[in-house]
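Topology and contacts: notes
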Amino acid sequence: MGSNSLNPDRFFDPDPSIRRVARALYEETRALPIVSPHGHVDARVLAENAPFPEPGSLIVQPDHYILRLLYANGVPLEDLLKGDPRRVWQLFAEHYFLFRGTPTGAWLEYELHEVFGIRLSVSAETASRIYDQISEKLQSPEFRPRALFERFNIEVLATTDAATDSLEHHCAIRESGWKGRVIPTFRPDAQFKISSPEFDALGARDYSGLVRALAERRAYFKQLGATATDHGVLEPYTASLPEDEAERLFQRGRQGEATPDDDRRFTAHLLMEMARLSLADGLVMQIHAGALRDHNRAVFERFGPNMGGDIPVATEFTRNLRPLLNACGNDSRFTLVLFTLDESTYSRELAPLAGHYPAVRLGPPWWFHDSMEGMRRFRERTTETASIYKTAGFNDDTRAFCSIPARHDLARRMDANYLGGLVARHVIDESDARPMARALAYDLAKQTYHL
Amino acid sequence: MGSNSLNPDRFFDPDPSIRRVARALYEETRALPIVSPHGHVDARVLAENAPFPEPGSLIVQPDHYILRLLYANGVPLEDLLKGDPRRVWQLFAEHYFLFRGTPTGAWLEYELHEVFGIRLSVSAETASRIYDQISEKLQSPEFRPRALFERFNIEVLATTDAATDSLEHHCAIRESGWKGRVIPTFRPDAQFKISSPEFDALGARDYSGLVRALAERRAYFKQLGATATDHGVLEPYTASLPEDEAERLFQRGRQGEATPDDDRRFTAHLLMEMARLSLADGLVMQIHAGALRDHNRAVFERFGPNMGGDIPVATEFTRNLRPLLNACGNDSRFTLVLFTLDESTYSRELAPLAGHYPAVRLGPPWWFHDSMEGMRRFRERTTETASIYKTAGFNDDTRAFCSIPARHDLARRMDANYLGGLVARHVIDESDARPMARALAYDLAKQTYHL
Amino acid sequence: MGSNSLNPDRFFDPDPSIRRVARALYEETRALPIVSPHGHVDARVLAENAPFPEPGSLIVQPDHYILRLLYANGVPLEDLLKGDPRRVWQLFAEHYFLFRGTPTGAWLEYELHEVFGIRLSVSAETASRIYDQISEKLQSPEFRPRALFERFNIEVLATTDAATDSLEHHCAIRESGWKGRVIPTFRPDAQFKISSPEFDALGARDYSGLVRALAERRAYFKQLGATATDHGVLEPYTASLPEDEAERLFQRGRQGEATPDDDRRFTAHLLMEMARLSLADGLVMQIHAGALRDHNRAVFERFGPNMGGDIPVATEFTRNLRPLLNACGNDSRFTLVLFTLDESTYSRELAPLAGHYPAVRLGPPWWFHDSMEGMRRFRERTTETASIYKTAGFNDDTRAFCSIPARHDLARRMDANYLGGLVARHVIDESDARPMARALAYDLAKQTYHL
């Protein structure tokens, strides 16, 4: 992980016949524009286009992958989230060895080397010099967010936004005259969670009012460029409730009386409603299922969400999605992109679903699985049943703006390597592999998300 | 996938030391006769020995692997199942790229190249010419079913037949004097499903009458060469019920009053009865567990079953099979072959069960997992605990008669490659690998199924 | 598997660029002392230091991996456990081919070749000669247990002992003046199982008395060198019960009235108590979850436990461990080492838990998964999320004393090979890999278990 040398063949299998093809395929996709249809960059960054602050708050503090592993190895979160920025960076550098063999390590190497031109290896000794070098870069106009957006060759960047978001930053970007395409994604999680203090009924007084309000918000998002919605759920349970039951659950939510089971059923019903709205307004529907959020109560109470304390659970798709897919899954105008944290579902449930229902696409390996081995497992377990053509290309899913090119580069390399393996084993021809590599790097994301 | 060149090293790892051994082992098994102890070829085909019709109805329409992926990519099933045969073939050819990297693609390449001698790559442009070339071949006597059976070097072919089947085609084959060995397999699914309209009590008026009738039908099947039974269940739940409860459930089934839970318990009990009958009559018992059939109601209602709309579910074996294995699993005269669609059970449950109970064998990777990567995962996850000697060799499990040699060839290659990897890593010697390769390709299937 | 040649590159990937690095890394760890923090060697063996008996009772009869696979292939357990020792050895040798491709085969090769200097391949023909050669060796002073302990270069060996164990053999070892470090591990399973005839309340008359007695026994174990506890549970369910409920369950246990569900809840509560005691006394807490013990009733009734009849079940960690981790998981002074038989939890639950909670470490691949492929899967699925630094190094977990070096050698080779793969794919540098290899082979086990 010496950042002074970023090997041009990194992540490729060492077998010469695989590596040769992987390299050739990667060369064809390397420079394609970045399509980023799902992620968590804050639109404000691009609206304001202010210089990024120093390295600690740019690279360490917003990255729950980094915070998580440092915390797991005994570094107090206080020390990482508060205190002197240079000290935060120093702490990070002292523990940099922890990231050896992890995707975070791979992304950091790329980001430091390619984005910031750092030629030193990160260590306790070099921390301060690297801090200074990055800090200096961040002052220059070339390192302003929009300049980086252009340098990164981002064709389109989708953010993820609450249903209630004013989208003021998206408006500001549009009004600024800057040509960068930054679009919102409609994520109405707070409208689903009737048993939670976060529940937000959008001012509706009855269930049909809620659905109307959701449809209006969707229209507003669409007007600002949105092509997709996103839904974070513990389990992807779907079910059609009688209207009066939906109404009753909604009222219990408004009165703060809903139970977790009410919540589960209301969510199940509202997901079907969302699918129907998607059929009407054309927004692609995404479901991210299986994260038990805020597993660690003490960390949540002291530091809030997104501190690395979300832990996956086993997830069931076959039975849970049956009602929704029976209602809308045969309609090619509808697109449902599924994400899982339970890799055992790849070959057992997800690939068979995507390999049958016209509406279903498989989202790329998500979160913990957005990694070298995770990508390999995803392709090995889904391609044979669903083909690459029922997958959704790559999502970087990142909050860390400067890591975007690193993540796409890694995905392009891993996909090139996967296809290189198929060629070397004579499963496909090299001439077949070329359009497949391009599809995985670019076409499928655009097509899936109507971009 | 250019069908004009079928690489002699296809599916082998590119590493020279693995490939050398894989090639050598494959050379020793390549020409062994085909033993096909489980599949879905229609015995009528071999009884009547009529020429196959044109390519669309031979290759595309009966293959739910093909239908499924075309449908998933937006091709209406109507267009594939009805209409002009040449148009069906054209549609298939236009979407042939979807099969790149899938086992269906690999089988098709073999079938077109080796069975039909096609030297053109399939595409929209070549579709019509290929259609004509295959059509012409199908007219010749060498392409009649029995001639192909002999050319394929099939030593024995087991069909799968309802308990009520008259087996007239099996009789006709025997009476014809043709020497091809085609045997039935006893599959009494309709006798298990008391909550379904398909329930068929074989005319019995009480539970013991049903068991007697089943035993009689087994004897009839055995007389026509059957050596095995097969049971398709959602979950492999087994349990001994008191006789009066079995009787009560049976009567509810007869009266159309049984619930899904009744069905589950009745099935659990009847599976144990089947194991006992197997101990008595020597028929090998197969359980195929974990497919939720006809997930897509609309497709099922319009087009019937086997259209690619069956989706796997997570499956539990350890607790579910305990009653049956405690009753019969220690008896070496009994053989139970287990099949799963849930790969997470390979190393967790199935290999430990097969590595302990004398009666248990692991069926080969099934359905979605009957693929290059699926076979690799199966061997990697079962051999270390169960050894290859508690697996059942290969099953082609196909409805598509002309794909039989393609499937066995692929399995022999993948097993040779797996063993080649063990040799290259010095886990086993090449001299050990040779009998292992033969066992996987031929001996184990014969031994497991008493063929 | 010809034992006359133990290939120096065994288990390494054949790719030259991986093999070169793997070999170099292995060379650096090969001769490191063995740290064995979890296993099942009987301390009596080292206390008495008597010569081992003949090969059958040394190698075959105590090894449930061997018994299991022979039994599964039709060899009656009677023949293996009783009767003429030479005949037991002969039976084993006749079935030696079953172990091809299994870790047992790999361990046996090493043990025969390196420990006993056997140069013949095991077979029906050579069985008797090998038997004689080993028997002869066993008579010599160099093959007494303590001499082997020293020759194996064991720095510390932890046994596993019931809470009621007098630890007389551990005392005897200390008093003997022999310098070998053999320490006990506190395993109070019988104090948890209130619904079982094995339940043992340590003489306590109420729940708080039980906890006091457990604390006292822990102190006694600690005095004799113990640094860890161990808990075998079907599921890792944890929950805090009100004191009066714990008391009620305890009394039901004493009166033989506890149900399996009582047992489950009592165990859940007592696990939390153990975590709190660990925080107080510093003993590392191990949980081995997911084995359904004595699945085969007939074998259990005739031959007792540990005959290979334990079968894993799907295991849930995320929800089950939440109460315990919320109570103690943020405290770096506490160490909880988790073991699973359900590989689907590696990437889904265990790596995320270890990658977040300071207290959590992942135990090495356990039992059925303590194998070449099992180790590969473990590293591939945990490193990217948890890093190698949240894993616990290697445990040999063996009852078979003479297999200890074989097992550590295999683990060191597989870890060197894993790291070699990372180097060859330029994920890490070779200079990074060296301390990582050493950590996996030696440092992490010492650090995790405070040895």
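Residues numbered from 1 in each chain as written. Chains lettered and ligands numbered in written order. Predicted model: local features only at pLDDT ≥ 70, side-chain atom pairs only at ≥ 80, totals over all residues.

Helix and strand counts for chain A come out as 20 helices and eleven strands. Against the compact-globule benchmark of 22 Å for 451 residues, chain A has a radius of gyration of 22 Å, which places it among compact chains. Counting only C-alpha atoms and orienting by the principal axes, one finds that chain A spans roughly 65 × 55 × 45 Å. In chain A, buried positions account for 58% of the 451 residues. Once local pairs closer than 6 in sequence are excluded, the contacts in chain A between residues at least 24 apart make up 79%. (Helix = DSSP H or I, 4+ residues; strand = E, 2+ residues; numbered from the N terminus. Rg over C-alpha atoms; globule rule 2.2 N^0.38 Å. Buried ≥ 20, exposed ≤ 12 C-beta atoms within 10 Å, placed from the backbone. Contact = placed C-beta atoms within 7 Å.)

What follows deals with the relation of the copies chain B and chain A. Of the two same-sequence chains, chain B is brought onto chain A (RMSD 0.0 Å, axial shift 0.0 Å) by a rotation of 120°. Interpreted geometrically, this transformation is the action of a three-fold axis. Here only 5% of the interface residues in chain B have copies in chain A that are interface residues too; the copies meet through unlike faces. (Least-squares fit on C-alpha atoms with pLDDT ≥ 70 in both.)

Attention now goes to the interface of chain B and chain A. At the interface, 43 residues of chain B touch 40 residues of chain A. Those elements that place two or more of their residues in the side of chain B that touches chain A are helix 4 (64–72), helix 7 (103–115), helix 15 (297–303), strand 9 (311–312) and helix 18 (372–386) of chain B. Per-element accounting of the side of chain B that touches chain A gives the leading share, four residues, to helix 4 of chain B. Taken together, the residues of the side of chain B that touches chain A sort by class into 19 nonpolar, 14 polar and ten charged. (Nonpolar A, V, L, I, M, F, W, Y, C, P; charged D, E, K, R; others polar.)

Where interface size is quoted, it is often the accessible area lost as the parts come together. All names here are of chain A. With domains assigned, chain A is organised as domain 1 (16–50 + 155–448) and domain 2 (51–143). Look at where the C-alpha atoms of domain 1 and domain 2 centre, and you get two points 28 Å apart. Counting from both sides, the interface comprises 18 residues of domain 1 and, opposite them, 17 residues of domain 2. Going through the elements one at a time, helix 15 (297–303) and helix 19 (404–424) are the ones with two or more residues in the side of domain 1 that touches domain 2. (Domains from an automatic or database assignment.)

Taking 1.5 Å per residue as the helical rise, helix 1 (residues 16–29) of chain B with its 14 residues ought to reach 20 Å, and the 20 Å between its terminal C-alpha atoms agrees with that figure. Next to the buried residues of helix 1 of chain B lie helix 19 (404–424) and helix 20 (430–448) of chain B. (Expected span 1.5 Å × (residues − 1).)

Looking now at unusual backbone geometry. Residues and elements named next belong to chain A. Of note in this structure, Asp-294 is not a glycine but carries a positive phi near 55°. The phi angle at Asn-306 is positive, at roughly 60°, despite the residue not being glycine. Looking at the secondary structure, you find Asn-306 in the loop between helix 15 and strand 9 (311–312).

All right, on to the environment of C:Ala93 then. Residue and element names in this part refer to chain C. By the secondary structure assignment, Ala-93 is in helix 6 (residues 85–94). For the pair Ala-93 and Pro-62, spaced 31 residues apart in the sequence, the C-alpha separation amounts to 16 Å. Residue contacts for Ala-93: discarding those within four places in its chain leaves Val-122, Ser-123, Ala-124 and Ala-127.

Residue and element names in this part refer to chain B. With their axes 10 Å apart at the nearest point, helix 19 and helix 20 run at an angle of 160° to one another. In this view, helix 19 runs roughly antiparallel relative to helix 20, as classed from their interaxial angle. Judged by the twist between their axes, the crossing of helix 19 over helix 20 is right-handed. Along the contact surface, helix 19 presents Arg-412, Asp-415, Ala-416, Leu-419, Leu-422 and Val-423, while helix 20 presents Glu-430, Ala-433, Met-436, Ala-437, Leu-440 and Ala-441. (Axes fitted to C-alpha atoms, helices over the stretch in contact; angles between N-to-C directions. Parallel < 35°, antiparallel > 145°, perpendicular 65-115°, else oblique. Left-handed = near helix turned anticlockwise from the far one by under 90°.)

This part takes up the environment of B:Leu410. All names here are of chain B. Relative to the assigned elements, Leu-410 resides in helix 19. Since 23 C-beta atoms lie within 10 Å of it, Leu-410 is described here as buried. Through-space distance from the C-alpha of Leu-410 to that of Met-372 is 7.6 Å; in sequence the pair is 38 residues apart. Among residues more than four places away in sequence, those in contact with Leu-410 are Phe-11, Pro-103, Ala-106 and Trp-107.

What follows is about helix 4 (residues 64–72) of chain C. Summarising burial for helix 4 of chain C: eight of the nine residues are buried, a large majority. Listing the buried residues of helix 4 of chain C in full gives C:Tyr65, C:Ile66, C:Leu67, C:Arg68, C:Leu69, C:Leu70, C:Tyr71 and C:Ala72. Where helix 4 of chain C is buried, its residues touch helix 17 (344–354) of chain B together with helix 3 (55–60), helix 5 (77–81), helix 6 and helix 7 (103–115) of chain C. The positive-phi residue at the C-terminal boundary of helix 4 of chain C is C:Gly74, with phi of around 95°.

Moving on: the packing of helix 18 (residues 372–386) of chain A against helix 19 of chain A. All names here are of chain A. Contact pair helix 18 / helix 19: the axes reach a minimum separation of 10 Å and the direction vectors enclose 45°. Put simply, helix 18 runs oblique to helix 19. The handedness of the crossing between helix 18 and helix 19 comes out as right-handed. Taken together, the residues of helix 19 that come into contact with helix 18 (itself represented by Met-372, Met-375, Arg-376 and Arg-379) are Ala-411, Met-414 and Tyr-418. Partitioning the contact of helix 18 with helix 19 into residue classes produces five nonpolar, no polar and two charged.

Turning our attention to the sheet that holds strand 1 (residues 34–36) of chain A. Sheet architecture is open: three strands sit in the order 1-2-4 (chain A), paired in parallel fashion. Two strands bound the open sheet, and with one partner strand each, they are strand 1 and strand 4 (182–183) of chain A. (Pairing = 2+ DSSP bridges.)

If you rotate chain A by 120° and push it 0.0 Å along the axis, it lands on chain C with an RMSD of 0.0 Å. Interface overlap between copies is the fraction of interface residues in one copy that are interface residues in the other; for chain A against chain C it is only 5%, indicating separate surfaces.

Residues and elements named next belong to chain B. Spatial ordering of the open sheet is given by 1-2-4, a layout of three strands whose pairing is parallel. Only two strands of the sheet have a single partner each, and these edge strands are strand 1 (34–36) and strand 4 (182–183). Relative to strand 4, strand 2 (residues 154–158) is paired through two bridges, and the arrangement is parallel. Directly across from Ala-158, in strand 4, lies its bridge partner Ile-183.

Contact with chain A, which involves 43 residues of that partner, is made by 40 residues of chain C. If you list the elements that add at least two residues to the side of chain A that touches chain C, you get helix 4 (64–72), helix 7 (103–115), helix 15, strand 9 and helix 18 of chain A. Ranked by the residues each element gives to the side of chain A that touches chain C, the list is headed by helix 4 of chain A, at four residues. Of the residues in the side of chain A that touches chain C, the class split is 19 nonpolar, 14 polar and ten charged.

Our next topic: the environment of A:Arg254. Within the secondary structure layout, A:Arg254 lies in helix 13 (residues 243–254). A sequence separation of 55 residues divides A:Arg254 from A:Phe199, and the C-alpha atoms of the two residues are 8.0 Å apart.

The side chains of a regular strand alternate, residue by residue, between the two faces of the sheet. All names here are of chain B. The buried count for strand 10 (residues 336–340) comes to five of five residues, which makes it a mostly enclosed element. Residues Leu-336, Leu-338 and Thr-340 of strand 10 are buried on one face, and the alternating residues Val-337 and Phe-339, pointing to the opposite face, are buried as well. Both strand 7 (residues 284–289) and strand 10 contribute to a ladder of five bridges, which runs parallel. Within strand 10, the position partnered with Gln-286 by the bridge is Val-337. In this fold, strand 10 hands off to helix 17, which returns the chain to strand 11 (residues 360–362); that crossover is right-handed. (Right-handed = clockwise from strand over helix to strand, strands pointing away.)

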